[in-house]
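Observations on the model geometry
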Amino acid sequence: STPNAPEDDIANRYSRTDRTTYSRYSRDANSSGNSVPSNALEKRIEELERELAKERQENVRLMKITQDKEELIGKLKEEIDLLNR
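The name given to the protein chain in an unreviewed UniProt entry is PAWR protein, with the source organism recorded as Nothocercus julius.

A look at the overall build of the protein chain
What the protein chain contains, in helices and strands, is three helices and zero strands. Mapped from its N terminus to its C terminus, the protein chain presents α and β elements in the order α-α-α. Residues classed as buried in the protein chain amount to 11% of the 85 residues present.

Some remarks on helix α3 (residues 38–84)
For α3, with 47 residues, the first-to-last C-alpha span of 68 Å sits near the 69 Å given by 1.5 Å per residue. When α3 is considered as a whole, its buried residues turn out to be Ile-45, Arg-56, Val-60 and Gln-67.

So, the pattern of salt bridges
Following the criterion strictly, the structure yields three salt bridges and no others. Between Arg-61 and Glu-58 there is a salt bridge; the shortest N-O distance is 2.8 Å. Of this pair, Arg-61 and Glu-58 both sit in helix α3, three residues apart, which is roughly one turn of that helix. Exposure remark for Arg-61: the relative accessible area of 42% places this residue in the partly exposed category. The exposure class of Glu-58 is partly exposed, given its relative accessible area of 32%. Note that Asp-68 and Lys-64 form a salt bridge whose closest N and O atoms lie 3.1 Å from each other. A residue pair is termed a helical-turn pair when its members lie 3 or 4 positions apart in one helix, as Asp-68 and Lys-64 do in helix α3 at four residues. Lys-64 gets classed as partly exposed once you look at its relative accessible area, which sits at 34%.

Conventions adopted
Residues numbered from 1 in each chain as written. Predicted model: local features only at pLDDT ≥ 70, side-chain atom pairs only at ≥ 80, totals over all residues. Heavy atoms only, no water. Helix = DSSP H or I, 4+ residues; strand = E, 2+ residues; numbered from the N terminus. Buried < 20%, exposed > 50% of the residue type's maximum accessible area, 1.4 Å probe, protein only. Expected span 1.5 Å × (residues − 1). Salt bridge = Lys/Arg side-chain N within 4 Å of Asp/Glu carboxyl O.

The following block contains the structure:
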């Protein structure tokens, strides 16, 4: 990933289809005789999806901070160059 990627690109990197496919797979696997109750698996999947969403938000926040810091470093380097001349 590039440090200058827009926040939307980062937030949407993992498509909703991937999560839907995973959820569908889990339900199919459960219906084929898995001993864990379907409701418990669905609650766990929802919990993990919420946790994943939080982690993605944190990732977006950290990428934005990193981008801001890199821009500041670039400006300071330019200022240093001007002062050295």
